[in-house]
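Listed here are the chains, written in short residue letters.
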Amino acid sequence: MHVILGILGTAVTILWLLHRLAEMGIDLGGLNPFLWRRRRKWTKYHDANPIYKIDSPLDATALLMTATAKADGEMSSEENHEILSMFNKEFNLTKRDSAALLISSSHLLGRGEEVRDNLKAVLKPSLDNFTAEQSQSAIELINKVSNVGGSASELQSQLINNVSTILGELNKPKGKWE
């Protein structure tokens, strides 16, 4: 009997100490590896660059158009007006929605290093949503943007080639077993 009372006393003491530690702000639940992994995954997803979460072909194409215009530096007013008119015509957006899309694309783009350096990773979430017609149209729109201020620069040509390579794979006819 005295052994059972000793075990119960130890259990109550441990629970009381854990309760007091929790009151002081020390939570031992953080030592749970499953909880830690879930929190870490959520933190990585939440704090990641939003450019890698774009899954809409329209938003991805708008981002690529903005990246092409800003490849050599800031966008000229001529390029700005041309992109807005393309948004109106091709995407059937109102002037207000076109301006909002351009502003958000420009904000997401930043200086453009992420798009130039990790283009495949940026387009990965939206690749499955592109149709063959949309991918062809995206390549044409990017070419139009690059030719607004004259011929395309070296950086713009490189970006267009990379985009054409990635989006061109969608246009290839697949084999019988692919």
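All of these numbers come straight from a predicted model, not from anything done at the bench. (Residues numbered from 1 in each chain as written. Predicted model: local features only at pLDDT ≥ 70, side-chain atom pairs only at ≥ 80, totals over all residues. Heavy atoms only, no water.)

Enquirer: Even after reading the chapter, I still don't get the nonpolar core, so can you show me in this structure?
Expert: Note on soluble globular proteins: their nonpolar side chains tend to be buried together. Of all hydrophobic cores here, the largest spans 33 residues; its most connected members are Met-65, Ile-83, Phe-87, Val-115 and Leu-119. For this core, the elements supplying multiple residues, two or more each, are helix H3 (57-69), helix H4 (77-90), helix H5 (95-109), helix H7 (119-127), helix H8 (132-146) and helix H9 (154-171). With seven residues, H3 is the single largest residue contributor to this core. Excluding anything up to four places from it in sequence, Met-65 contacts Ile-83, Met-86, Phe-87, Phe-91, Leu-141, Ile-142 and Val-145. (Core = buried A, V, L, I, M, F, W, Y, C linked by side-chain atoms within 4.5 Å. Buried < 20%, exposed > 50% of the residue type's maximum accessible area, 1.4 Å probe, protein only. Helix = DSSP H or I, 4+ residues; strand = E, 2+ residues; numbered from the N terminus. Contact = heavy atoms within 4.5 Å.)

Enquirer: Help me out: how do you make sense of H4 in this one?
Expert: Residues lying three or four places apart along an α-helix face the same way, a consequence of the helix completing one turn every 3.6 residues. Taking 1.5 Å of rise per residue, 14 residues should cover 20 Å, and H4 covers 20 Å from first to last C-alpha, within 8% of that figure. When H4 is considered as a whole, its buried residues turn out to be Glu-79, Ile-83, Met-86 and Phe-87. Angular distribution of buried residues about the axis of H4 spans 100°; they occupy a single face of the element. Away from its buried face, by an angle of more than 90 degrees, H4 presents the exposed residues Ser-77, His-81 and Lys-89. Following H4 by one or two positions, Asn-92 adopts a phi angle in the positive range, close to 55°. (Expected span 1.5 Å × (residues − 1). Arc of directions from axis to C-beta.)

Enquirer: Looking at this structure, how should I read the pattern of salt bridges?
Expert: Two side chains carrying opposite charge are able to pair once their charged atoms lie near each other. Scanning the model with the defined rule gives two salt bridges in all. The partner of Glu-23 in a salt bridge is Arg-20, with the nearest N and O atoms 2.6 Å apart. Here the residue Glu-23 and the residue Arg-20 both occupy positions in helix H1 (residues 2-23), the gap between them amounting to three residues, near one helical turn. You can call Glu-23 partly exposed: its relative accessible area is 49%. (Salt bridge = Lys/Arg side-chain N within 4 Å of Asp/Glu carboxyl O.)

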